[in-house]
Amino acid sequence: MDEPLSRYLVKNLAIKDRVIQNRIILAPMAGLGHIALRHLISEFGGFGLLFTGMCNAKAIPNENPKTSSVFKWRKEELGYLVCQIFGSDPESMAAAAVRIEQEGFFGVDLNFGCSVAAICKKGCGAALLKNPDLSSRIVKSVRNAVSIPVFVKFRTGWKNDPLFVADMAGRFEEAGADALTFHPRVAPDRRTRPPQWDMIRIVQEAVAIPVFGNGNLFEEKDGIQMFRQTSCQGLSIGRMAVARPWLFAQWANKFMPGNDIYYKTALRFSEILSDHFDDLFSVRLFKKYAPYFCANFKFGHQFLKKLVCAETMTDIRNNLISIFESNPETLPRPNINLFL
Ligand SMILES: Cc1cc2nc3c(=O)[nH]c(=O)nc-3n(C[C@H](O)[C@H](O)[C@H](O)COP(=O)(O)O)c2cc1C
């Protein structure tokens, strides 16, 4: 590796009329990118923006952040937090964006990428890519309703067609999007085959707005490779940020994790979960995080078995203590077979 990734990352980037100081962002992840994980990541720093998991646009105008687990944030993060919404109706997407602007978020992100059956069946997420006109209308409607930055996250679509991908990128830009995040996989292919990074270049070449490349960024050298291969303007990190919440600080700010980082981080996460949620829900969320955390260890599947048996947060903490008593061996690159 001849030059550090931080050379690419620590550079201002204009998004609409705002500037972020750093070109690495947390990808939206339902069930993982909640207030507690973002709180943990914020303690390490090093990112440009964080994204919420997808929120149902129809619910947002009446959503109560005190009772919702997804439409929930800390005041301190609003300046760098983007709320992602899904929906298929231009008016309700705009109404959700208005609430998001009123609450003080940095921006709103529109989901055109989710390929989960429950979302696609409703005509939302990646299903919208089958209807380019409706997709444009959704972006236009949101654009006209708010003045905060509008992001679009999308994927290759339903077949591997570079012309289609370039056309969609151009449509999103023309409809008023200020930045795109692109995940280069076709929709039925969830995370089984490697993403086709060359498609990211096609997207970035089709538009003048910044494109964040996404998909299988595991190590610093992957980040450098993605910048070089695609000319994208930034990186969007999903699962690795769950496995290693200090990764933004490590890649952008030269943060050097010590040997105790795994133990300290998991324990701290358990505390933060308990600060934001009741015990039962904290346990549920910790179990969603556990496979990514355990992927860091040589015998991670054994630790995972232990953690998923827990019934209370006290069990979780006791299990963590007993796991680390054996001084477990870590892996330089997580075992992605444990990633969901
Ligand atoms: C558990 C999980 C939940 C996800 N939820 C969302 C979501 O709500 N919205 C979205 O646009 N993408 C979602 N994604 C996709 C990620 O944003 C990202 O595109 C994908 O994980 C690939 O990036 P990675 O290889 O860095 O993980 C999700 C991914 C995972 C693993």
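Along each chain, residues carry numbers from 1 onward, in the same order as the chain's sequence is written. A pLDDT threshold of at least 70 governs which residues receive local features in this predicted model, and a stricter bar of 80 or more applies before side-chain atom pairs are shown or counted, although totals over entire chains, interfaces and linings include all residues.

1. Comments concerning the overall build of the chain
Secondary structure is summarised from DSSP: a helix means a run of H or I of at least four residues, a strand means a run of E of at least two, and numbering begins at the N terminus for each. When its secondary structure is counted, the chain shows 14 helices and 11 strands. C-alpha atoms define the radius of gyration, and 2.2 Å times the number of residues to the power 0.38 defines the globule rule. The C-alpha atoms of the chain give a radius of gyration of 19 Å, which matches the 20 Å a tight globule of 340 residues would have. The burial label depends on the number of other C-beta atoms within 10 Å of a residue's C-beta. Counts of 20 or more mean buried, 12 or fewer mean exposed, and intermediate counts mean partly exposed, with C-beta atoms placed from the backbone. Relative to its 340 residues, the chain shows a buried fraction of 49%. Note that contacts rest on C-beta atoms placed from the backbone: two residues are in contact if these are within 7 Å. Of the contacts formed within the chain by residues at least 6 apart in sequence, a portion of 71% connects residues at least 24 apart.

2. Comments concerning the domain arrangement of the chain
What fixes the domain bounds is an automatic or database domain assignment. The domains assigned to the chain are domain 1 (6-253) and domain 2 (261-338). Relative to domain 2, the C-alpha centre of domain 1 lies at a distance of 27 Å. As a working rule, the residues Ala, Val, Leu, Ile, Met, Phe, Trp, Tyr, Cys and Pro are called nonpolar, Asp, Glu, Lys and Arg charged, and the rest polar, with Gly in that last group. Class assignment of the residues belonging to the side of domain 1 that touches domain 2 gives a composition of nine nonpolar, four polar and two charged.

3. Quick notes on helix α3 (residues 90-103)
Note that an α-helix has 3.6 residues per turn; residues three or four places apart therefore point the same way. End to end, α3 covers 20 Å across 14 residues, agreeing with the expected 20 Å (1.5 Å per residue, within 8%). Among the residues of α3, P90, M93, A94, A96, A97 and I100 are the ones counted as buried. Projection of α3 onto a plane perpendicular to its axis shows the buried side chains occupying an angular sector of 160°, all on one side. Residue G104 follows α3 closely and has a positive phi angle near 100°. Helix span is expected to be 1.5 Å times the residue number reduced by one. Each direction from the helix axis to a C-beta atom contributes to the arc, which is the arc of those directions.

4. Brief notes about the nonpolar core
I85, V108, L110, V142, A177, L180 and V203 are the most contacted members of the largest nonpolar core, which has 111 residues in total. When residues in this core are grouped by element, the largest group, eight residues, is from helix α12 (residues 279-294). Residue-level mapping places this core at the junction of two domains, with at least three residues from each of domain 1 (6-253) and domain 2 (261-338). The residues contacting V108, other than those within four sequence positions of it, are V82, C83, I85, A97, I100, V142, V146, I148, V150 and F151. Take the buried Ala, Val, Leu, Ile, Met, Phe, Trp, Tyr and Cys residues, join any whose C-beta atoms are within 7 Å, and the set you get is a nonpolar core.

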